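Here is how the chains run, residue by residue.
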2 protein chains.
Amino acid sequence: MYSERFTKLTPYVPGEQPQDRSYIKLNTNENPYAPAPGVAEVLQAYDAETLRRYPDPNAEALCHLIADTHGLKREQVMVGNGSDEILSFVFFAFFDSARGPLLFPEHTYSFYPVYCDYYNIAYKKVPLNEDYSINIDGYVREKSCGLIIPNPNAPTGILLSLDSVTSLMERWPEDRVVVVDEAYVDFGGESAVSLIDRFPNLLVVRTFSKSYSLAGSRLGWAMGHADLIQALYAVKDSFNSYPVDTVTQKVGMAAMADRAWFDQTRGRVMVERERVSKALTALGWRVLPSAANFVFAGAPALDGKAVYEGLKAKGVLVRFFNKEGLTPFVRITIGTAEENTALLEAVASL
Amino acid sequence: MYSERFTKLTPYVPGEQPQDRSYIKLNTNENPYAPAPGVAEVLQAYDAETLRRYPDPNAEALCHLIADTHGLKREQVMVGNGSDEILSFVFFAFFDSARGPLLFPEHTYSFYPVYCDYYNIAYKKVPLNEDYSINIDGYVREKSCGLIIPNPNAPTGILLSLDSVTSLMERWPEDRVVVVDEAYVDFGGESAVSLIDRFPNLLVVRTFSKSYSLAGSRLGWAMGHADLIQALYAVKDSFNSYPVDTVTQKVGMAAMADRAWFDQTRGRVMVERERVSKALTALGWRVLPSAANFVFAGAPALDGKAVYEGLKAKGVLVRFFNKEGLTPFVRITIGTAEENTALLEAVASL
């Protein structure tokens, strides 16, 4: 009944999404603040009749806004149904085992090996440094068909400096694509988008899910050389011509247009992240230095699973990872000030 | 720079979507009527703050409503980002060349060979009968990994009776999946959904784009045995865990819940289809018998391309197909009564 390729799948398992709203939900790196007020206005004023028409298949207006916002040309931008879909198209277009395995960090976004299984791409995990940071040299010396790194990395939250990314690109073969997955970059990282004109093999992937508070809308984008973007369009048009619905195109534009809201909300998240990090450290926890909207932290006497269970019993959801090297830690999303205070109280009473 | 598989793509080309709204747009089989009034209400009353959360990854509420509407169990239903995405998952899960080529009609939805290229699936086109109807016997005698047919077929609009589909299923190997793509079935066809409990290898695919007037929302679904649906979920979770955004889940529910609106609008389309068919016939055209929201018709002295160009010059967009066997025809979407009258006037003056 099933295809051969189907039998090789190991699906991704997303974080819990309990329908029980009584939990303080700090487990899936969602933004604690609402999207920009313009999003509500778009929905309220929406002309539902227009939904009978197909969307603009290439979301021209949205892509122009993204390009303008990042100082790029229109043809250097493409959008998709969440950065997950963009990443899937990227894996299809640029990575195959004939030229060597795909490289990514040993501990990173766990969807990467899933895409590899989906498209039958061999991969090789490159160990992190002892402090859990990404080891650039480890990638440069491997033969590969390409490389993908999140920056900041997940679930560690640790940032790679723009200088390090530049140094990587300078030492990387010109005919192999490097993807920098910047889902969390707006919470304190420096984007590699400034390197795009210099490195035609660099692709930067972003999402509206985190810093724009639109996880529910499923919207992500890619930025890179026009040739790479054109390839992604060809993949899109071989999979689903209209991946982004009409409402989401307008919602995304409203969110990106409001720079003040964006800066205010991400600013609050960063302030709270420092407060949570300090408070956990004061309680004896090991807290990795985070540039994301979460912290990766280990309690002094309990492993991650025990912390997860203890906090869940107190009404706070966090995420633990049942993987060698990560078991001492939990990943805690930064919530509102009230949520973070409740978290810290729950932690103190563990 | 590119993967080997990328070099094999031949992307799908969707119909024109001109931003110039002055055209009477009868080229992409969109519904001429607005979606149910409940859709506008959902958007207007939408709590934008909820968009900061990820959607329900499996759209439970929507799937329950679809199951209830079709007399199925929840586990026999799955939704996706348009039926195009659902179809892509279906091709991944069930078809591979190791067991023979995939079969589909010679003239049919032109995305099918594109999916085959995407997943490297060999395919074989089975000729239509002389009257352009689907020839069941032609499929049964071929060795294959599976079969996909739209019912009604596109671009012909011709329906296969439920008896014919049943007869096909009775003669089809139990370990090969048959997909009936019912994008247009609500405009006069009999659904194969009633056969699902009898044939565990039957999968029925539907869309909100046509009869529910939600092409702009990108929403489709599959119905079949729980085992087939479970396989599609595994594929979904290996590609994009959250393919359907929160707004679209609610919009789809509002559309499906309003049975009166659904029956009224599709009823009007069917009445107009008969009027357009008769009028074209009276003008000497050959009109294939349609059970869809379009007609496939050929002018007495002009080929399809000439008709397309002549009508476009008069402000009416239709679609022609530059493929052997289809060049005499154009595909004309059924619009509002006013649009159809304008079409017929333009046709008369060609």
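No experiment lies behind these values; they were computed from the predicted model shown. Along every chain, residues carry numbers that run from 1 in the direction the sequence is written. Throughout, the order in which chains and ligands are written sets their labels, letters from A for the former and numbers from 1 for the latter. At least 70 in pLDDT is required for a residue's local features to be given in this predicted model, at least 80 for side-chain atom pairs to be given and counted, and no such filter applies to totals for whole chains, interfaces and linings, which use all residues. Side-chain figures throughout are based on the complete set of non-hydrogen atoms in the structure, without hydrogens or water.

*Asks:* Would you take a moment to explain the environment of Asn 129 of chain A for this structure?
*Replies:* Each helix is a run of H or I in the DSSP string that is no shorter than four residues. Each strand is a run of E no shorter than two, and both are numbered from the N terminus. Relative to the assigned elements, Asn 129 of chain A resides in the loop between strand E4 (123–126) and helix H5 (136–140). Those residues in contact with Asn 129 of chain A that lie beyond four places of it in its chain are Ile 134 and Asn 135 of chain A. What makes two residues a contact is simply this: any of their non-hydrogen atoms within 4.5 Å.

*Asks:* Hey, could you run me through the pairing of strand E7 (residues 202–207) of chain B in this one?
*Replies:* As a general feature of sheets, a regular strand has side chains that alternate between the two faces. Residue and element names in this part refer to chain B. The cut-offs for exposure are 20% and 50% of the maximum accessible area for each residue type, with area from a 1.4 Å probe on protein chains only; residues under the lower value are buried, those over the upper are exposed, and the others partly exposed. Counted residue by residue, E7 has six buried out of six residues, so it is predominantly covered. Alternating positions in E7 separate into two faces, Leu 202, Val 204 and Arg 206 on one and Leu 203, Val 205 and Thr 207 on the other, with burial throughout. Summarising the sheet, strand E6 (residues 177–181) and E7 pair through four bridges and their orientation is parallel. Bridging across to E7, Val 180 finds its partner in Val 204. Strand pairing is defined by DSSP finding a minimum of two bridges between the two strands. Here E7 pairs with strand E8 (residues 220–224) via five bridges, running antiparallel.

*Asks:* Sorry if this is basic, but what is going on with helix H1 (residues 37–44) of chain A here?
*Replies:* Helical periodicity: at 3.6 residues per turn, an α-helix aligns residues three or four positions apart in one direction. Of all the residues in H1 of chain A, the buried ones are Gly 38, Val 39 and Leu 43 of chain A. Buried residues of H1 of chain A, seen end-on, are gathered within an arc of 140° and therefore sit on one face of the element. The outward face of H1 of chain A, more than 90 degrees from its buried face, is lined by the exposed residues Glu 41 and Gln 44 of chain A. Considering only its buried residues, H1 of chain A is in contact with helix H8 (246–257) of chain A together with helix H1 (37–44) and helix H8 (246–257) of chain B. This arc is built from the directions going out from the helix axis to the C-beta atoms.

*Asks:* Would you mind showing me how to read the packing of aromatic side chains here?
*Replies:* Given two aromatic rings, their pairing is described by the distance between the two centres and the angle made by the two planes. Working definition: rings of Phe, Tyr and Trp (its six-membered ring) pair if their centres are within 6.5 Å, and the pair is stacked with planes under 30 degrees apart, edge-to-face with planes over 60 apart, and tilted otherwise. Under the criterion given, the structure shown has 59 aromatic pairs over all chains. Judged by centre distance (6.0 Å) and plane angle (35°), the rings of Tyr 2 of chain A and Phe 94 of chain B are tilted. Here Tyr 2 of chain A, found in the segment before strand E1 (24–25), pairs with Phe 94 of chain B, found in helix H3 (residues 82–94), and the two come from separate chains. The buried category is assigned to Phe 94 of chain B, whose relative accessible area is 0%. The rings of Phe 89, Phe 92, Tyr 118, Tyr 119 and Phe 239 of chain A together with Phe 89, Phe 92, Tyr 118, Tyr 119 and Phe 239 of chain B are connected pair by pair, giving a single aromatic cluster.

*Asks:* For this particular structure, what's the right way to read the interface of chain A and chain B?
*Replies:* Interfaces are often sized by the accessible area lost when the parts come together. Contacts between the two partners involve 85 residues from chain A, matched on the other side by 85 residues from chain B. Three residues stand out in chain A for area buried against chain B, namely Met 1, Arg 52 and Tyr 54 of chain A, and they jointly supply 12% of the buried area on that side. Whenever Lys or Arg places a side-chain nitrogen within 4 Å of a carboxyl oxygen from Asp or Glu, that contact is recorded as a salt bridge. Arg 53 of chain B serves as the salt-bridge partner of Glu 30 of chain A, at 3.1 Å between the closest nitrogen and oxygen. Listed by contribution, the elements that provide at least two residues to the side of chain A that touches chain B are H1, helix H3 (82–94), helix H4 (112–119), helix H7 (226–236) and H8 of chain A. For the side of chain A that touches chain B, the element with the most residues is H3 of chain A, which contributes eight residues. Each residue gets one of three labels, nonpolar for Ala, Val, Leu, Ile, Met, Phe, Trp, Tyr, Cys and Pro, charged for Asp, Glu, Lys and Arg, and polar for the others, Gly among them. Residue composition of the side of chain A that touches chain B, grouped by class: 47 nonpolar, 18 polar and 20 charged. Once two parts are brought into contact, the accessible area they lose, counted with a 1.4 Å probe and summed over both, makes up the buried area.

*Asks:* How should the pattern of salt bridges be read in this particular structure?
*Replies:* When the charged atoms of two side chains with opposite charge come close together, those side chains can pair. Per the stated rule, a full pass over the model turns up 35 salt bridges over all chains. Salt-bridge contacts for Asp 84 of chain A lead to Arg 218 of chain A; the nearest nitrogen and oxygen are separated by 3.8 Å. You can see Asp 84 of chain A sitting in helix H3 and its partner Arg 218 of chain A sitting in the loop between strand E7 (202–207) and strand E8 (220–224), a full 134 residues away along the chain. Pair check on accessibility: Asp 84 of chain A and Arg 218 of chain A agree, each one buried. Between Asp 263 of chain B and Arg 266 of chain B there is a salt bridge whose closest N-O contact spans 2.9 Å. Taken as a pair, Asp 263 of chain B and Arg 266 of chain B lie in helix H9 (residues 259–282) at a separation of three residues, close to a single helical turn. When its relative accessible area of 34% is taken as the criterion, Asp 263 of chain B is described as partly exposed.

*Asks:* Just checking my understanding: could you explain the side chain of Ser 209 of chain B for this structure?
*Replies:* Structurally, Ser 209 of chain B can be placed in the loop between E7 and E8. Judged by relative accessible area, which is 2%, Ser 209 of chain B ranks as buried. Leave out the neighbours within four places in its chain, and Ser 209 of chain B touches Tyr 54 of chain A together with Leu 214, Ala 215, Arg 218 and Leu 219 of chain B.

*Asks:* Can you walk me through the domain arrangement of chain A in this structure?
*Replies:* Residues and elements named next belong to chain A. Those domain boundaries reflect an automatic or database domain assignment. For chain A, the assigned domains read domain 1 (4–34 + 260–348) and domain 2 (37–258). The distance between the C-alpha centroids of domain 1 and domain 2 comes to 23 Å. Domain 1 puts 35 residues into the contact, and the matching count from domain 2 is 30 residues. Between domain 1 and domain 2 lies a buried interface of about 2,700 Å² when both sides are counted; carbon and sulfur atoms form 61% of it. Contact with domain 2 buries area across many residues of domain 1, yet Tyr 12, Phe 262 and Ala 291 alone supply 24% of it, more than any other trio. The interface formed by domain 1 and domain 2 holds zero salt bridges in total. Within 3.5 Å is the distance limit for a polar contact, defined as a pair of N or O atoms, with the added protein rule that one can donate a hydrogen and the other accept it, and that residues adjacent in sequence qualify only through two side-chain atoms. Counting across the interface, domain 1 meets domain 2 through 13 residue pairs in polar contact (both at pLDDT 80 or more). If you list the elements that add at least two residues to the side of domain 1 that touches domain 2, you get helix H9 (259–282), strand E10 (294–298) and strand E13 (329–333). For the side of domain 1 that touches domain 2, the leading source of residues is H9, giving eight residues. Classifying every residue of the side of domain 1 that touches domain 2 gives 19 nonpolar, eight polar and eight charged.

*Asks:* Explain the side chain of Arg 218 of chain A to me, please; I cannot follow it from the model alone.
*Replies:* We classify Arg 218 of chain A as buried; its relative accessible area is 2%. Apart from the residues lying within four places of it in its own chain, the contact partners of Arg 218 of chain A are Gly 80, Asn 81, Gly 82, Asp 84, Ser 209 and Thr 248 of chain A together with Tyr 54, Pro 55, Asn 240, Tyr 242, Val 244 and Asp 245 of chain B.

*Asks:* Quick question: what am I supposed to make of the relation of the copies chain A and chain B here?
*Replies:* Each copy of the chain is related to the other by a rotation around an axis and a translation along that axis. What sets the superposition is a least-squares fit of C-alpha atoms, and only residues with pLDDT of at least 70 in both copies go into it. Of the transformation superimposing chain A on chain B, the axial component is 0.0 Å and the angular component is 180°, with the fit at an RMSD of 0.0 Å. Classification of the inter-copy transformation places it as that of a two-fold axis. Minimal C-alpha separation from the rotation axis in chain A is found for Gln 44 of chain A, amounting to 2.0 Å.

*Asks:* Sorry if this is basic, but what is going on with the confidence of the model for chain A here?
*Replies:* Close reading of the predicted structure is inappropriate where its pLDDT is low. A residue's pLDDT is the confidence the predictor assigns to it, expressed on a 0 to 100 scale. With 100% of its residues at a pLDDT of at least 70, chain A reaches an overall mean of 96. As a predicted assembly, this complex carries a pTM of 0.96 together with an ipTM value of 0.96.

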